[in-house]
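Fold and geometry: a report
Read off the chains here:
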Amino acid sequence: MQNWIDAYSWINIRFLLQGLWITILISVISVILSFIIGSVLGIIRYAKIPYLSRIIGFIIDVIRNLPLLLIIFFVYFGLPAFGFKPDTIPAAILAMTVFESMMIAEIIRSGINAVDIGQMEASRAMGMNLAQAMWHIVLPQAYKKMIPALVSQFISLIKDTSLATIIVVPELMQHGQVVYGQDPNYIIPVFVAMAIMYFVVCYALSLLSKFIDRRMA
Amino acid sequence: MKRLKYIVLVITSLLLVFSLTACGNQSLSSQNILENDKKSKTVTWGVKADTKLLGLIDVKDGQDKGFEIDLAKAITKKMLGKDAKAKFVTVTSQSRIPLLKNGNIDAIIATMTITPDRLKTIDFSDSYFDAGQSIMVKDNSPIKKVQDLNNRTIIGVVGSNSVQNVKKFAPKARVLQLPDYAQALTALKSGQGDALTTDNVILAGMAVKNPGYKLQGKAFTTEPYGIGINKGQPEFKAAVNKALKEVQADGTYNKLIIKWFGNVPGFNYKEVLRK
Amino acid sequence: MIHLLTSNWSAFISGFGWTLLSSILALFFSLIIGSLFAILEVVPNKALRIIGNVYVEIFRNIPLLVITMFFYLVIPLYIVKINGFTAGTIGLTIYTSAFIAETVRAGINSVDPGQMEAARSQGMTFWKAMRYIVLPQAFKYVIPPLGNQFVNLVKNSSVLAFVAGFDLMYQGNAIASQTFETVNTYVIVGIFYLIITLPISYYMQHLEKKLA
């Protein structure tokens, strides 16, 4: 028999919520960092700067096409060779940021591509330089178009933090495993609680995205 | 065709970059870990978080608790003085050796057996606990001893030497390796395997909260647990060994054994007491 | 690194095979299930639409790892014994099907609604019109995003490592912890993944450019 009452004792729920907090913390920091880095990389790739754009394109494609789990291992086990030894939470943030930056770079690049080339040419003809045209004309429109894709990437990021349990990051999945590790009869209640917590956060975000999308349209 | 060339180019350049990075891992041996720890008054230990009685996270306060945690604290104090601190980093059987070699942690005290294979890459202190590998099965299981596991499925944990040992005793057993002990135990209960194998002391801890499951048969190996230390750190190793001897001599060790194992059914704590 | 590869060749290759098999199976079944729920989301019947919506929203907003672990640990406890490979592949299928449903639905919506109306006025039933008129056009539109879903699937199949699914990542973990050559092992594992994912992803970029 599954023991729902004891499984949902305040002590267990609080422990799960602490995990959820770490999940959110990792996700928010990583999404901000990867938005910035991803934008820069995406613009560089779009701008077709000789060599640089090609090389960055390579790196983006390679990292994008690897499982996130591998990136987590590389950051946690591989980076210390360069003298940087992150704890589990910073390691998770770093791994998520590296991975998500590449995903976002691709979204940004295709978003810019989707803005009519004529607009870029028109602004250049008006005497704006590339950076000005980018900043004032192209990017605002591109970002507007990209909002749904960016939000769904953010939702993926939140869900993907669960993989960090492999290096014992104290996030929601890890804390869930600790709770059902205590007692075999907690397993279903814990899975239900974890699923609800992830769902509430991710679904709220997707509703928000739909709302913004409608307001902007 | 052009595209194919492009892909081959990407993969080879990647290979190059990564093999270069993989070679840069030598800087640690030039540091003296004992000196660093003396300055910071802290020893950073890699410990388990999923192993009842030895190192387990307590959901009440999020603290790691167990015999190894207490022993690490005692050893730290003997090494660096009463005001020294033990810092804990949670590891799994899979992550502990990479983390030690990388220098994230100074030492491993995480149910790790001293084995010839591991001695090739890291050093060990003297043994601090004598465990033995055993199996856990359902109460009514037909499996009486490890040899019965031939043609059956047995669950172990990635990175533990139990999964390699069991193949010596039951060469035809199918082995499943899961990420940690909490998952392994849950998988056993879900019927993913016929038995779970690891050290008797870990299994005894699991059996406490899991009626219907028991340790089966005698331990079929001896598993002396050692504190894992990086190679090229003789001072640190000597300090750990000296502290370990002192902890045993002044009775702290036996007190901790009784505190954690004094009341565990199926585990005779008197066998592991030390003079 | 070459030595690491040759001395563990059979483990790497079998892992590669299981990863590929799991991804292909999951793609096949999630295409079927995903298309089904996509159609449910656009049918005239409101109850069916709600069912379609609920399915998609639930599985899009819960981590793949939670779904997979649930199938590995909970389902065998009460319903049916399934091993890690099966549990992992089912988890992948369900998770991916929710995304495919969204992609296919967008494809259906992009087909001019006038076509559906015309087909209906010719006396076709809703299902017939869907099957013969709308879906064939929708699928043309969804092929590039489906390719990207397949790349995601291959990458996501690494969750099989959590449930002893014998895939590439599982073999990598085992080899890394036996040889203690952690980074090198994962580099090899990464190259094996890239062998599958890079060509597909380049081909899809190429296709997108051609269609645009």
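In this text the structure is predicted, and so the values were computed from the model without any measurement.

Turning our eyes to something else, we now look at the overall build of chain A. Secondary structure summary: chain A contains nine helices and zero strands in total. When the helices and strands of chain A are read in sequence order from the N terminus, they spell out α-α-α-α-α-α-α-α-α. For chain A, the spread of C-alpha atoms along the three principal axes comes to 75 × 45 × 20 Å. Within chain A, the proportion of its 217 residues that are buried is 47%. Long-range pairs, those at least 24 residues apart, make up 77% of the contacts in chain A between residues at least 6 apart in sequence.

This part is about the UniProt feature "domain: ABC transmembrane type-1" (unreviewed entry) in chain A. According to UniProt, the positions carrying the feature "domain: ABC transmembrane type-1" (unreviewed entry) are residues 20–209 of chain A. In the segment residues 20–209 of chain A, helix accounts for 81% and strand for 0%; the C-alpha atoms at its two ends are 21 Å apart.

With that settled, the discussion passes to the interface of chain C and chain A. For an interface, size is often stated in terms of accessible area lost upon the parts coming together. Across the boundary between the two partners, chain C contributes 25 residues, which contact 26 residues of chain A. Contributing elements (two or more residues each) for the side of chain C that touches chain A: α3 (46–60), α4 (64–78), α7 (126–156) and α9 (182–211) of chain C. Sorting elements by how many residues they give to the side of chain C that touches chain A places α9 of chain C first, with ten residues. Each residue belonging to the side of chain C that touches chain A can be placed in one class, and the counts come to 17 nonpolar, six polar and two charged.

We now examine the sheet that holds strand β5 (residues 85–90) of chain B. Residue and element names in this part refer to chain B. The strand order across the open sheet built from five strands is β5-β1-β6-β13-β7, with neighbouring strands paired in mixed fashion. Taken across any chain shown, the strands that pair with only one partner, and hence form the sheet edges, are β5 and β7 (123–131). As paired strands, β7 and strand β13 (residues 223–229) are joined by six bridges and run antiparallel to one another. By the bridge assignment, A131 is partnered in β13 with E223. Relative to strand β1 (residues 42–47), helix α3 (residues 67–80) is tilted by about 160°, and along the sheet it contacts β1, β5 and β7. This element, helix α9 (residues 234–249), spans β6 (107–108), β7 and β13 of the sheet and lies at about 30° to β7.

What follows is about the UniProt feature "transmembrane region" (unreviewed entry) in chain C. All names here are of chain C. Per the UniProt annotation, the sites labelled "transmembrane region" (unreviewed entry) are residues 20–40, 61–79 and 186–204. Taken end to end, residues 20–40 comprises 100% helix and 0% strand; its first and last C-alpha atoms sit 30 Å apart. Here residues 61–79 runs as 79% helix and 0% strand, with 24 Å between its end C-alpha atoms.

All names here are of chain C. Relative to each other, helix α2 (residues 9–42) and helix α5 (residues 84–110) sit at 40°, their axes nearing to 5 Å. With respect to their mutual orientation, α2 and α5 come out oblique. For the crossing formed where α2 meets α5, the hand is right-handed.

Moving on, we come to the sheet that holds strand β4 (residues 64–65) of chain B. Residue and element names in this part refer to chain B. Here three strands make up an open sheet; going across it, the order is β2-β3-β4 and the pairing antiparallel. Either end of the sheet is taken by a strand with one partner, and the two such strands are β2 (50–51) and β4. Here two bridges tie strand β3 (residues 55–57) to β4, and the two strands are oriented antiparallel to one another. Looking across to β4, one finds that L56 is bridged to K65.

Residues and elements named next belong to chain B. All of the buried residues in helix α6 (residues 162–169) are S162, V163, N165 and V166. Around the axis of α6, the buried residues are gathered within 155° of arc, so they sit on the same side. Buried residues belonging to α6 abut β8 (133–138), β9 (153–157), β10 (174–178) and β11 (195–199).

Grouped together as the largest cluster of nonpolar side chains are 207 residues, with contacts concentrated most on I71, I72 and A95 of chain A together with V240 of chain B. No other element matches the 15 residues that helix α5 (residues 88–114) of chain A contributes to this core. Residues from two domains meet in this core; each of domain 1 (32–131 + 223–270) and domain 2 (133–216) of chain B gives at least three. Excluding residues within four positions of it along the chain, A95 of chain A makes contact with I71, I72 and V75 of chain A.

What counts and how
The residue numbering used here restarts from 1 in each chain and proceeds along that chain's sequence as written. Note on labels: chains are lettered from A, ligands numbered from 1, in written order. For a predicted model such as this one, the threshold for reporting local features is a pLDDT of at least 70, and the threshold for listing and counting side-chain atom pairs is 80 or more; totals across whole chains, interfaces and linings nevertheless cover every residue. Secondary structure counts use DSSP, requiring at least four H or I residues in a row for a helix and at least two E residues in a row for a strand, with both numbered from the N terminus. To sort residues by burial, count the other C-beta atoms lying within 10 Å of each one's C-beta; a count of 20 or more means buried, 12 or fewer means exposed, and anything in between means partly exposed. C-beta atoms are built from the backbone. Here, residues touch in the contact sense if the C-beta positions derived from the backbone fall within 7 Å of one another. UniProt positions are given in the numbering used here, feature names are shortened, and annotations may be inferred rather than shown by experiment. Here the term charged refers only to Asp, Glu, Lys and Arg, the term nonpolar to Ala, Val, Leu, Ile, Met, Phe, Trp, Tyr, Cys and Pro, and the term polar to all other amino acids, Gly among them. For two strands to count as paired, DSSP must find a minimum of two bridges between them. To get an axis, fit a line to the C-alpha atoms, keeping to the stretch in contact for a helix; angles then go from 0 to 180 degrees between the N-to-C directions. Here the word oblique covers every angle except those under 35 degrees (roughly parallel), over 145 (roughly antiparallel) and from 65 to 115 (roughly perpendicular). If you view the pair so one helix is near and one far, a crossing is left-handed when the near helix is turned anticlockwise from the far one by less than a right angle, and right-handed when it is turned clockwise. Summarising the geometry, the arc corresponds to the directions from the helix axis toward the C-beta atoms. By convention in this section, buried Ala, Val, Leu, Ile, Met, Phe, Trp, Tyr and Cys residues joined through C-beta atoms within 7 Å make up a nonpolar core. Where each domain begins and ends is defined by an automated method or by a domain database.

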